[in-house]
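Structural overview for review
Listed below, chain by chain, are the residues.
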Amino acid sequence: MKHIRLLSILALCLFACLLIACNSGGTEDSTTPSETDPSAVTDVPTEPPAETESEAVTHADDYHTHSGPGYQCGCGAWVTERETLPPGEEEITMGRQATIPVIVDGKTDYTVIASAVLQEQNTEDLTYLFSVMDAKYGAHPEVGTEGTKTISLVLNNAMDALDYQVRVIGDTKMIELFAGSPEAMSRAIRYFVTQYCGYSDGDLLVPVENYTYTYAEAQIDNSHFLSYEGGDKTVLAPSDKDGTLMTPAWLDTAVMVELRIDMASIGGAFKDSYDLIDFYAATGVNVLWLSPIYERGAGGNGYGNIGLHRIEPALTGTTDQAEGWNELKKFVDYAHSKGVYILLDIISWGTMYASPLLEEHPEWYDGEAWGNAAFNWKNEEFREWFISNAVENLKKTGADGYRCDCEPFTAGYEVFEAIRTRCNDQGLYPVIMAEAEADRKNVFDMEQDGVIDMDRGTLYQHPVNFFVDGHLSIVSDTLRGKGVFKRGAFRYYTNCITNHDYQERNVNGNRLKIGYAAIYAPYIPLWYMGDEFGVTMPYRAVLYDIAVDYGSVGSNAEQTYFYEDVKQMIAIRRTYPEIFEYYPLSHKQTNICEVAVDGLTSLENYARYADNKMVIVLANNEEGNNGVCTVKIPFEDGFATAYKNYKVTDLLTGRVIAMGHADRVDDFSAVVPYQYCGVYLVEGIE
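Throughout what follows, the structure given in this document is the object of discussion. (Residues numbered from 1 in each chain as written. Predicted model: local features only at pLDDT ≥ 70, side-chain atom pairs only at ≥ 80, totals over all residues. Heavy atoms only, no water.)

1. Brief notes about the overall build of the protein
On a plain count of helices and strands, the protein comes out with 19 helices and 34 strands. The buried share among the 686 residues of the protein stands at 59%. (Helix = DSSP H or I, 4+ residues; strand = E, 2+ residues; numbered from the N terminus. Buried < 20%, exposed > 50% of the residue type's maximum accessible area, 1.4 Å probe, protein only.)

In structure tokens form, the structure reads like this:
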């Protein structure tokens, strides 16, 4: 018995030593996961209070190498015991962070305190918050007027209208959400839902930390991602499997917007539109397709004009043609200095009847097109005139190529092949984009409408988003080449989600239609100006004729937040070029695979991948679905080799949400609100 008692005492001493070692933090890292993660796209400012001895505060483990029994993961939930791992198989696990238990075992002693005005203005947000809590934890705090443990929601008039803050104070057990407006409070509640409810399973354990969003300081500027690799820096690469079509390699980086400068509130003439270049560079857009810049003539609008040899005086500020073309060159040069490429729109169907060319060269015309005079492409003199002027316009402006209206079914392949060949012979390497489906040949690098699954006329009258509105599936149809010309046999395809011919806006602030379907997708994103900040239209009209007010950015909360979200999407795309700028010679071999998600099934969720990384894109397109979900990571599809450990990071906040062996990080939890994307980086760790 004496020996048994002695052994018992020794065992208790050993156990006490282990407890002291675990809590004294010999390997402790006091920084939050977002501070230690070098891959975070957006810095998340945190001001964690000092740890307290409050009974309301629990802890998760430090980042450490684990080979022993049970411990807590970063969300604060206890993890089941695991057997000691063999040497060399140690597991890297989540870090230590103080948390406050809000809902435990389906019960809560918290009260939500909010004014009657706030409850009325943010009714949908509170309803959403409670629905997520009920789904995940079986309970939610009741709304009341007092309590010892509270979640306080306060509209603070001293804050700017776009600013908000989430504070979690461990020693007082208080959680506070402050906002400068109802729209800002909506964002604060969404942050609480996605970041705290999203990654806390079993019980709701809220990290003790502060998160502050100050619009004046948090605005994203993506211009540092851009660089100009055109002109004499151009590198050509094959864009078909036969290598007959050599395309400027900078097209890999393209994020494209169609721009009509005279209908933009911060535009007008070229000299008045430099701020537009700055705006789109900050957005992260590096290719601008300019609507026609040619002299319009009586009744013309640009697409109707008097010929490609003349430039519109209203855009140049001068009637002197040589000076006018030089104004365009200065505009293009400025764009290049910001890392932005310029495509001109070239019109090959004909001119206005008022064009002097019709009187001077009647033999250059034959019949009618679009209610005006149609060119006679059988006339050799005219063909030479058109080709020469097309080449000359690129030479004297420095523009980077053409979007070709009504091609390839008007002038045809031979004309644009001659333009391309002559440019190449003179050291110019333009990108040439057809409007309609093109059998590429040695001519067209891509089409304007690369993804299309219906008649174009019908599409323009009644716009749809093919990947979000139920026409195409983004993974299965992409991998079999459905919805693109020649079944995906070429390298580059755009996904044009709007252009000037659309008679309605289709994005309208829906993050899935511009993010899930375009920015994150394996296509060149292309849209009409204004969609990046969620422009809406109260009536039907051709977009080309409608002015776009850029002043709503910074003044209209909904459009401002949407714009910041779009910039963040582009930042993610540009931060991981090896994933998002990958275009194989056959588009069907692109780097996309499906992700199985329990709770989100209205659209195909997907991953884009390269080497030891994948970015998972989740989509909630089901109205009424609170977005509570569990994600199955497609390790076998997305990783070329198996890794000992993996790390999962929420790219929208930089928060590391899981770390460890594959079976531990798999089936991670998330909450994705309706019409939003969830975006997560999964990395292999040696």
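Now that the structure has been shown, we can carry on.
2. Remarks on the pattern of salt bridges
For the coordinates displayed, the defined rule picks out 35 salt bridges. A salt bridge links Arg383 to Glu380; the nearest nitrogen and oxygen atoms lie 3.9 Å apart. Note that Arg383 and Glu380 are positioned in helix α11 (residues 380–397) at a spacing of three residues, about one turn of the helix. Residue Arg383 is classed as buried on the basis of its relative accessible area of 17%. Residues Lys513 and Asp469 are paired through a salt bridge, measuring 3.5 Å at the closest nitrogen-oxygen approach. Residue Lys513 is found in helix α15 (residues 511–519), and its partner Asp469 is found in the loop between α13 (456–461) and α14 (476–479); the two are separated by 44 residues along the sequence. Among the charged side chains, a network of salt bridges with common partners joins Asp345, Arg403, Asp405, Glu435, Asp449 and Arg456. (Salt bridge = Lys/Arg side-chain N within 4 Å of Asp/Glu carboxyl O.)

3. A closer look at helix α12 (residues 413–425)
In this model, α12 (13 residues) spans 18 Å end to end at C-alpha, consistent with the 18 Å of a helix rising 1.5 Å per residue. Within α12, burial applies to Tyr413, Val415, Phe416, Ile419, Arg420 and Cys423. Tucked into the core, α12 has its buried residues touching β15 (246–248), β18 (341–347), α11, β22 (401–405) and β23 (431–434). Immediately beyond the C-terminal end of α12, within one or two residues, lies Gly427, with a positive phi of roughly 80°. (Expected span 1.5 Å × (residues − 1). Contact = heavy atoms within 4.5 Å.)

4. As for the packing of α15 against helix α16 (residues 557–575)
One way to put it is that α15 packs onto α16 with a least axis distance of 11 Å and a crossing angle of 10°. In terms of orientation, α15 and α16 fall into the roughly parallel class. Contacts between α15 and α16 involve Arg511, Ile514, Gly515, Ala518 and Ile519 on the former and, on the latter, Tyr561, Phe562, Asp565, Val566, Met569, Ile570 and Arg573. Partitioned by chemical class, the residues of the contact of α15 with α16 number eight nonpolar, one polar and three charged. (Axes fitted to C-alpha atoms, helices over the stretch in contact; angles between N-to-C directions. Parallel < 35°, antiparallel > 145°, perpendicular 65-115°, else oblique. Nonpolar A, V, L, I, M, F, W, Y, C, P; charged D, E, K, R; others polar.)

5. Things to note about the environment of Pro525
Relative to the helices and strands, Pro525 is located in strand β26 (residues 524–528). On the basis of relative accessibility, which here comes to 0%, the residue Pro525 falls in the buried class. Through-space distance from the C-alpha of Pro525 to that of Gly515 is 9.3 Å; in sequence the pair is 10 residues apart. Ignoring anything within four residues of it in the chain, the contact list for Pro525 reads Ala254, Val255, Met256, Asn495, Ala518, Ile519 and Arg573.

6. Observations regarding the pairing of strand β9 (residues 150–155)
Note: strand β7 (residues 111–114) against β9, four bridges, orientation parallel. Residue pairing across strands places Ala114 opposite Leu153, the latter belonging to β9. When β9 meets strand β11 (residues 174–179), the two strands line up parallel, connected through five bridges. Within β11, the residue paired with Leu153 across the bridge is Leu177. (Pairing = 2+ DSSP bridges.)

7. Focus on the sheet that holds strand β31 (residues 645–650)
Strand order in this open sheet of eight strands is β32-β31-β34-β29-β28-β27-β30-β33, and the pairing throughout is antiparallel. The open sheet terminates on both sides in strands that have one partner only, identified here as β32 (655–660) and β33 (668–671). When strand polarity is set aside, the average angle formed by the axes of neighbouring strands in this sheet is 30°. Strand direction decides the pairing type here: strand β29 (residues 613–619) and strand β34 (residues 677–685), joined by seven bridges, are antiparallel. Within β34, the position partnered with Val617 by the bridge is Val679. Strand contacts of helix α4 (residues 123–137): β30 (628–632) and β33, with the helix running at about 155° to β33, the strand carrying the most contacts.

8. Some remarks on unusual backbone geometry
Note that the residue after Glu407, namely Pro408, is joined by a cis bond; omega there is 15°. By secondary structure assignment, the location of Pro408 is in the loop between β22 and α12. With a phi angle near 55°, Trp370 is a residue other than glycine that sits in the positive phi range. Mapped onto the fold, Trp370 is located in the loop between β20 (365–369) and β21 (372–375).

9. Remarks on the packing of aromatic side chains
Applying the stated criterion to the full structure yields 41 aromatic pairs. Consider the rings of Tyr303 and Tyr544, whose centres lie 5.2 Å apart with planes at 65°: the pair is edge-to-face. Separated by 241 residues along the polypeptide, Tyr303 in the loop between β17 (287–290) and α8 (313–316) and Tyr544 in the loop between β26 and α16 bring together distant segments of the chain. By the burial criterion, Tyr303 is buried, and Tyr544 matches it. Three or more aromatic residues joined by ring pairs make a cluster, and in this case those are Tyr164, Tyr191, Phe192, Tyr196, Tyr211, Tyr213 and Tyr561. Above the plane of the ring of Trp325 lies Lys396, whose end atom (NZ or CZ) is 4.2 Å from the centre. In this arrangement the basic side chain of Lys441 is found over the ring face of Tyr413, its NZ or CZ atom lying 4.3 Å from the centre. (Phe/Tyr/Trp six-rings, centres within 6.5 Å; stacked < 30°, edge-to-face > 60°. Lys NZ or Arg CZ within 6 Å of the ring centre and 35° of its normal.)

10. Description of the pairing of β11
Where burial is concerned, most of β11 is hidden: five out of the six residues are buried. Pairing geometry for strand β10 (residues 164–169) and β11, over six bridges, is antiparallel. Its bridge partner being in β11, Arg167 is matched across the sheet by Glu176. Between the end of β10 and the start of β11, which pair antiparallel, lie four residues, with Lys173 showing a positive phi angle near 65°.

11. A short note on the sheet that holds β7
Here six strands make up an open sheet; going across it, the order is β8-β7-β9-β11-β10-β13 and the pairing mixed. At either margin of the open sheet sits one strand with a lone partner, and together these are β8 (142–144) and β13 (210–213). Across the sheet, the mean angle from the axis of one strand to that of its neighbour is 20°, orientation sign disregarded. Bridging between β10 and β13 involves four bridges; their strand directions are antiparallel.

12. Brief notes about the environment of Arg664
Mapped onto the elements of the fold, Arg664 is located in helix α19 (residues 662–665). In sequence terms Arg664 and Asn645 are 19 residues apart; their C-alpha atoms lie 9.3 Å from each other.

13. Quick word on the packing of helix α9 (residues 321–337) against α11
Relative orientation of the contacting elements α9 and α11 amounts to 60°, with a least axis distance of 8 Å. In terms of orientation, α9 lies oblique with respect to α11. For the pair formed by α9 and α11, the contact residues are Trp325, Leu328, Lys329 and Val332 on the first element and Asn393, Lys396 and Thr397 on the second. Partitioned by chemical class, the residues of the contact of α9 with α11 number three nonpolar, two polar and two charged.

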